[in-house]
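If you want the building blocks of each chain, they are given just below.
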Amino acid sequence: MPAAPLSRQEIEDGLGDLPGWSLEGDRIACAYRFRDHIAAAAFVQHVVAIQNELNHHSDLTLGYNTVSLSVNTHDAGGAVTGNDLELAGRVAAIAPGHGARQR
C-alpha cells in the first residue's frame, strides 16, 4: 500500500525540524555546499546508501562542490509523504559529518 500524501501543514511541521529543507512545488528540496568535489561525491555515496536502505530515492544533482536533492513519492501520485520526510531527516543527520553547509 502506498504511503499517504501529507497535508501542507504536516509537511511544514516536518520541515521545521530539517534545517535547509523547503517545500518547492510538489517536492521537498535542499542544497548543500562542500569544501571540494571529493567531499561532495562522498556525501552522495552516503546518501545513496541511505536511499537503498530505505528503498526510497531522491533526485540528486552533483556539482563541483555542491549537492542538490529533491524528493516526493511516485507511488503517492508525486505527493510528499512521511517517506520523504524520513529520507530528508536521515540526509540532514549525516550532512554535518561530511562538512556540508547550507547553500
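Before going into details, it helps to say that this report is about the structure given with it.

Rules used throughout
- Residues numbered from 1 in each chain as written.
- Predicted model: local features only at pLDDT ≥ 70, side-chain atom pairs only at ≥ 80, totals over all residues.
- Heavy atoms only, no water.
- Helix = DSSP H or I, 4+ residues; strand = E, 2+ residues; numbered from the N terminus.
- Rg over C-alpha atoms; globule rule 2.2 N^0.38 Å.
- Buried < 20%, exposed > 50% of the residue type's maximum accessible area, 1.4 Å probe, protein only.
- Contact = heavy atoms within 4.5 Å.
- Areas by Shrake-Rupley, 256 points an atom, 1.4 Å probe, with all protein chains shown as cover.
- Salt bridge = Lys/Arg side-chain N within 4 Å of Asp/Glu carboxyl O.
- Pairing = 2+ DSSP bridges.

Some points on the overall build of the protein
A tally of regular secondary structure across the protein gives three helices and five strands. Going from N to C terminus, the protein has its helices and strands arranged as α-β-β-α-β-β-α-β. Rg of the C-alpha trace for the protein: 13 Å, near the compact-globule value of 13 Å for 103 residues, within the 12% margin. With the principal axes as the frame, the protein shows a C-alpha extent of 40 × 25 × 20 Å. Looking at the 103 residues of the protein, the share that counts as buried comes to 40%. Considering only residue pairs separated by 6 or more positions, the protein has 67% of its internal contacts joining residues 24 or more positions apart. Of the roughly 5,600 Å² of accessible surface on the protein, 50% is carried by carbon and sulfur atoms.

Some remarks on the pattern of salt bridges
Applying the stated rule across the entire model yields four salt bridges. In this structure, the salt-bridge partner of arginine 90 is glutamate 53, at a minimum N-O distance of 3.2 Å. Placement of the pair is arginine 90 in helix H3 (residues 82-94) and glutamate 53 in helix H2 (residues 37-54), with a sequence separation of 37 residues. Assessed through its relative accessible area of 58%, glutamate 53 is described here as exposed.

Here's the deal with the pairing of strand E2 (residues 27-33)
Among the seven residues that make up E2, five are buried, leaving the element largely enclosed by the rest of the structure. By the bridge criterion, three bridges tie strand E1 (residues 22-24) to E2 in an arrangement that is antiparallel. Residue pairing in the sheet places glutamate 24 in a bridge with arginine 27 of E2. Linking two consecutive strands that pair antiparallel, namely E1 and E2, is a turn of two residues; a positive phi of about 70° is found at glycine 25 within it. Of the pairings in the sheet, the one linking E2 to strand E5 (residues 101-102) comprises two bridges and is antiparallel in character. Paired with arginine 33 across the bridge in E5 is arginine 101.

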